[in-house]
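Descriptive analysis of the structure
In case you want the letters, here they are:
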Amino acid sequence: MSGFRDSFTKDDTKENLLGYDDTASLYFTITVLTCVALPWTFDVISSLLFPAQAKLQKRFPKKSSSGCTFHYCKTSAMTDKVDDARMRAKRWTRGSALWCFTKVVVLTSIWIGIVSTVVYLRTSGEKKEINRFDPFVILEVHAEASPIQIKRAYRKLSLVYHPDKNPDDPLAASRFIQISKAYAALTDEVAKRNWEKYGNPDGPQNTKVGIGLPRFLLEKDNTLYILVSFFLVIIVIVPMTFICYYNRTKNFAANGVLIETLQFLGFYILEASRTKAGPELLAACAESRNIPTRPTDNEQIKLLGGHVIEHKKRTFTLPVVAKNQYLIWAHMQRRHNLMSPELKSDCDTLLRHSMKVTQAMIEIACMREWFACAQAMIDFRRCLIQAIDIRSSHLLQIPHINEEYVRQCATERSKVSTLAEFLATDAEQRKRLLYGMTPDQLLDVEAFCAHVAEVDLQATLCIEDESEIVVNDVATVNVRLERKHLRPEEAMGPAHAPHFPEPKYEEWWFFLVEEEDKKRIVHFERILDTSRVLEQQLRFQVTRSGKNSLVLHAVCDSYAGLDKRVELNFEALAEEQHKRELPIHEEDMDLDGTPTLFQQWMGDLNYGDESEEEEDLDEDAKAAPKPPKSPAGRPPVGDKAERRSPSGGREEARRKDAGEGDGDSSSASDGDDSSEGDEK
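Below or above, wherever it landed, is the structure these notes cover. (Residues numbered from 1 in each chain as written. Predicted model: local features only at pLDDT ≥ 70, side-chain atom pairs only at ≥ 80, totals over all residues. Heavy atoms only, no water.)

Attention now goes to the overall build of the chain. A count of helices and strands for the chain gives 24 helices and 9 strands. A total of 680 residues make up the chain; the buried ones form 37% of that total. Long-range contacts, defined as pairs at least 24 residues apart, comprise 69% of the intrachain contacts of the chain with a sequence gap of at least 6. Carbon and sulfur atoms form 55% of the exposed surface of the chain, whose accessible area is close to 41,500 Å². (Helix = DSSP H or I, 4+ residues; strand = E, 2+ residues; numbered from the N terminus. Buried < 20%, exposed > 50% of the residue type's maximum accessible area, 1.4 Å probe, protein only. Contact = heavy atoms within 4.5 Å. Areas by Shrake-Rupley, 256 points an atom, 1.4 Å probe, with all protein chains shown as cover.)

Below, the structure is given as structure tokens:
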């Protein structure tokens, strides 16, 4: 910030000619670099002392956004998965080490620059304070100089720095302004008093805040370089940044899925699409086709031959689609031990993309009101998360349970075949069902049951502020879902999914379905809340009178067998059967008779025109000759004059004229009859 810019002049039009102070630019640079270096240093030190802490907090947070503590699954598989994620996050890779080294080098360079600048300002022999207005220094005379010496110095410097002699040098113009003000401060009494009292020949000044920039920005020799740099940044770098960002994001929809994938799914998803079509749709989407292929993939895929069963005949024959589809079926049938490390990496990439792609599948089915299709896509999503086949038992989601234990549970007297039935049993009964498991395995089963518990679903239907349901009303379904196994201050942690590469939190889908109309979806909501109690309102318009039957389906996307349903039956009246009376408040009735501000303004604006019009009509009426009267002493029917009320209204006069007109017409008709009789 220049000293003379903020202290020497009041004329804002001359500020563009003032130069800059190098000292102020140094202080400004130190301030900016310190603001950048301090938080960056804290971040680098924390990343070195606690490596991957931020990444782990993002993947496995301790608390939810509402402040509740997450309830994590305590099974050995999930515990090992979290520990392995922590170890891999703390492990230094070549890329992470190079990035950390780059940050340390840049940060060290910034601190070296800050310290060296501070030392330079403190130890330099030159005066490094921001310049103040000193007329003697500006005129290059001593404080005891006589008026003749001051005038001589002024003339000498004026000839050197006059703008006419330096037309292309803005620093010379600013220097000339300094010289003029310094001479005025030493010769003019008013300017001298202002300088002595306020430190400025122009008197007291307002405080201004500016950016301290280096002096070389206004030097004539650097003008071309500065302009080239400016246009390079404004015309090349900034537009290219936005263009690159746009090119990266233009191919993605709002939900993070490629637009090409949405178009593909929108074409191939039909009302008859079911769970077995999911693997091929996922394998053929754009995200999956972008996974690179290797020459060795064909040989490694052949090793899986005979161990993987495809439940649907292939539609697409593209090699990359066939490979991806084979990997998805192998994952759902838990053939991970037969995969090579390369195929396992490709399978994990497919599963990472699968959450967004399957969400798009569900949303497409919901927008087309296909409940069976949407439910099938959620089933496919659960198969991917839990790594179970589409025809496998839901009990395989429980740790350490295989096909043998599934048959064992089905042959018992209780005949447990679903996950909900298994969770409803007590610990002793589960121990009898899983006879042959080790104590550690039974502990994992109990930890799973403590993490995945039954939920309670309640729903009520009503019309807000109304007691009757009428056609075209907007009905509201109040839904309440409670996870009873959680404490009030707890939230649901990641689902038990040891074969899924990423932490997966529960999502619930609420569907309001008309069972009679081919299971048409009336309304749907996707719930991401992980708290103990979920509350949601579903609104829809009543379109049919008589008895109506709706079913509320609560579908979990992470576990198969936990879905709930509630039937909602109600009777709607036709609009002719029940007419709603909208109550009007007394104050609202008073407001109806009060003109609005616009009406008041327009009325005042037109009042003068109406009064002038009335005066003109009165003058015309007086100047016009009186019409001949009829025998009844009334003017003829066609010559009725228009009468106006004092307020400019015509309704009352029209009503009177209408009455008089009826009388005239009757008298005229009588007269005609009498004349016809005389002629006869």
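Next, the rest of the story.
Okay, the packing of aromatic side chains next. Considering all chains together, one arrives at 13 aromatic pairs under this definition. When the ring of Tyr268 is compared with that of Phe316, the centres are 5.2 Å apart and the planes differ by 75°; the resulting orientation is edge-to-face. Note that Tyr268 is positioned in helix H11 (residues 259-268) and Phe316 in the loop between helix H14 (297-302) and helix H15 (319-332), a separation of 48 residues in sequence. Exposure remark for Phe316: the relative accessible area of 19% places this residue in the buried category. Grouped by ring-pair contacts, the aromatic residues Phe264, Phe267, Tyr268 and Phe316 constitute a single cluster. Here the guanidinium or amino end of Arg175 rests over the ring plane of Tyr161, the centre of that ring lying 5.5 Å away. (Phe/Tyr/Trp six-rings, centres within 6.5 Å; stacked < 30°, edge-to-face > 60°. Lys NZ or Arg CZ within 6 Å of the ring centre and 35° of its normal.)

The next subject is the packing of helix H8 (residues 170-187) against helix H9 (residues 189-198). If you want to describe how two helices pack, look at the angle between their axes and the distance between the axes. At a minimum axis distance of 6 Å, the contact between H8 and H9 shows a crossing angle of 100°. Taken together, H8 and H9 sit at an angle that is classed as roughly perpendicular. Counting all contacts with H8, which are made through Ala184, Ala185, Leu186 and Thr187, the residues of H9 involved are Glu189, Ala191, Lys192 and Trp195. For the contact of H8 with H9, the per-class residue count stands at 5 nonpolar, 1 polar and 2 charged. (Axes fitted to C-alpha atoms, helices over the stretch in contact; angles between N-to-C directions. Parallel < 35°, antiparallel > 145°, perpendicular 65-115°, else oblique. Nonpolar A, V, L, I, M, F, W, Y, C, P; charged D, E, K, R; others polar.)

Trp508 and Phe511 are the most contacted members of the largest nonpolar core, which totals 101 residues. When sequence neighbours within four positions are dropped, the list of residues in contact with Trp508 reads Val455, Leu481, Arg483, Glu525, Arg526, Ile527, Leu534, Ala554, Val555, Cys556 and Leu562. One finds Phe136, Ala145, Ala185 and Leu186 within the second-largest nonpolar core, a separate group that totals 14 residues. (Core = buried A, V, L, I, M, F, W, Y, C linked by side-chain atoms within 4.5 Å.)

Residues in a regular strand point their side chains to alternate faces of the sheet. Along strand S5 (residues 508-514), 7 of the 7 residues are buried, which leaves the element largely enclosed by surrounding structure. Taken together, the 7 bridges between S5 and strand S6 (residues 520-527) define a ladder with antiparallel strand orientation. Within the sheet, the bridge partner assigned to Trp508 lies in S6 and is Ile527. Bridging between S5 and strand S8 (residues 546-556) involves 7 bridges; their strand directions are antiparallel. Bridging from a neighbouring strand, Trp508 pairs with Cys556 of S8. (Pairing = 2+ DSSP bridges.)

By secondary structure assignment, the location of Ser288 is in helix H13 (residues 286-289). Discounting chain neighbours no more than four positions away, the residues touching Ser288 are Leu282, Ala283, Val320, Asn324 and Leu350.

Before going further, it helps to spend a moment on a negative patch on the surface. Taken together, Glu586, Glu587, Asp588, Asp590 and Asp592 make up a surface patch of like negative charges. Note on placement: Asp592 falls in helix H22 (residues 586-592). (Patch = residues over 30% accessible without salt bridge, like charges linked within 9 Å, V, L, I, M, F, W, Y side chains within 5 Å. Salt bridge = Lys/Arg side-chain N within 4 Å of Asp/Glu carboxyl O. Lys, Arg positive; Asp, Glu negative; His and termini not counted. Charge placed at Lys NZ, Arg CZ, Asp CG, Glu CD.)

Here we take up the sheet that holds strand S2 (residues 455-462). Taken in spatial order, the 3 strands line up as S2-S3-S7 in an open sheet, and their pairing is antiparallel. Both outer strands of the open sheet, S2 and strand S7 (533-541), are each paired with one neighbouring strand and no more. Pairs of neighbouring strands in the sheet enclose a mean axial angle of 15°, with direction left out of account. Bridging between strand S3 (residues 474-483) and S7 involves 9 bridges; their strand directions are antiparallel. When the sheet's bridge partners are listed, Leu481 is paired in S7 with Leu534.

Turning next to the packing of H15 against helix H16 (residues 341-367). Closest axis-to-axis distance for the H15/H16 pair is 10 Å, and the angle between their directions is 85°. Regarding the angle of H15 to H16, the classification is roughly perpendicular. For the pair formed by H15 and H16, the contact residues are Lys323, Asn324, Leu327, Ile328 and His331 on the first element and Leu343, Asp346, Cys347, Leu350 and Leu351 on the second. Of the residues contributing to the contact of H15 with H16, the split by class is 6 nonpolar, 2 polar and 2 charged.

Next up on the list: unusual backbone geometry. The phi dihedral of Arg334 falls on the positive side, at around 55°, and the residue is not glycine. Considering the arrangement of structural elements, one finds Arg334 in the loop between H15 and H16. The phi torsion at His400 lies on the positive side, around 70°, for a residue other than glycine. Relative to the helices and strands, His400 resides in the loop between helix H17 (371-386) and helix H18 (403-411).

A few words now on the environment of Val566. In this structure, Val566 sits in strand S9 (residues 564-572). Separated by 107 residues in the primary sequence, Val566 and Ala459 place their C-alpha atoms 7.0 Å from one another. Those residues in contact with Val566, other than ones at most four positions away along the chain, are Leu457, Ala459, Leu550, Val551 and Leu552.

Counted at 1.5 Å a residue, the expected span for helix H7 (residues 147-161) with its 15 residues is 21 Å, and the 21 Å between its end C-alpha atoms agrees. When we look at burial in H7, the residues that qualify are Ile150, Ala153, Leu157 and Ser158. Buried residues of H7, viewed axially, fall in a sector of 130°; they line one side. For H7, the exposed residues set more than 90 degrees away from the buried face come down to Ile148, Arg152, Arg155, Lys156 and Leu159. Packed against the buried residues of H7 are helix H6 (135-139) and H8. (Expected span 1.5 Å × (residues − 1). Arc of directions from axis to C-beta.)

Another aspect to go through is empty space enclosed by the protein. Applying the stated rule across the entire model yields 2 cavities of 30 Å³ or more. Of the pockets and cavities examined, the largest cavity occupies roughly 30 Å³. Lining of the largest cavity is provided by Phe60, Met78, Lys81, Pro494, Ala495, Ala497, Glu502, Pro503 and Lys504. Class assignment for the residues of the lining of the largest cavity results in 6 nonpolar, no polar and 3 charged. Its boundaries defined by the atoms lining it, the second largest cavity holds a volume of some 30 Å³. What lines the second largest cavity is Val452, Ala453, Val455, Arg483, His485, Met492, Glu506 and Leu562. Among the residues forming the lining of the second largest cavity, the class breakdown is 5 nonpolar, 1 polar and 2 charged. (1 Å grid on protein atoms, 1.4 Å probe; cavity = no way out; pocket = protein on both sides within 12 Å on 5 of 7 lines; lining within 4 Å. Points joined across faces, edges and corners; volume = space filled by probe spheres on them.)

Relative to the helices and strands, Arg382 is located in helix H17. Of the residues examined, Arg382 reaches a relative accessible area of 5% and is grouped as buried. A distance of 2.9 Å separates a polar atom in the side chain of Arg382 from a polar atom in the side chain of Asp563. (Polar contact = N/O pair within 3.5 Å; in protein donor to acceptor, adjacent residues only side chain to side chain.)

To continue, consider the sheet that holds S5. Ordered by their spatial adjacency, 4 strands build an open sheet running S6-S5-S8-S9, and the pairing between neighbours is antiparallel. On the outer flanks of this sheet lie S6 and S9, each paired with one strand and no other. Strand-to-strand twist across the sheet, computed as the mean angle between neighbouring axes with direction ignored, equals 20°. Packed onto the sheet, H16 meets S5 and S6 and runs at close to 145° relative to S6.

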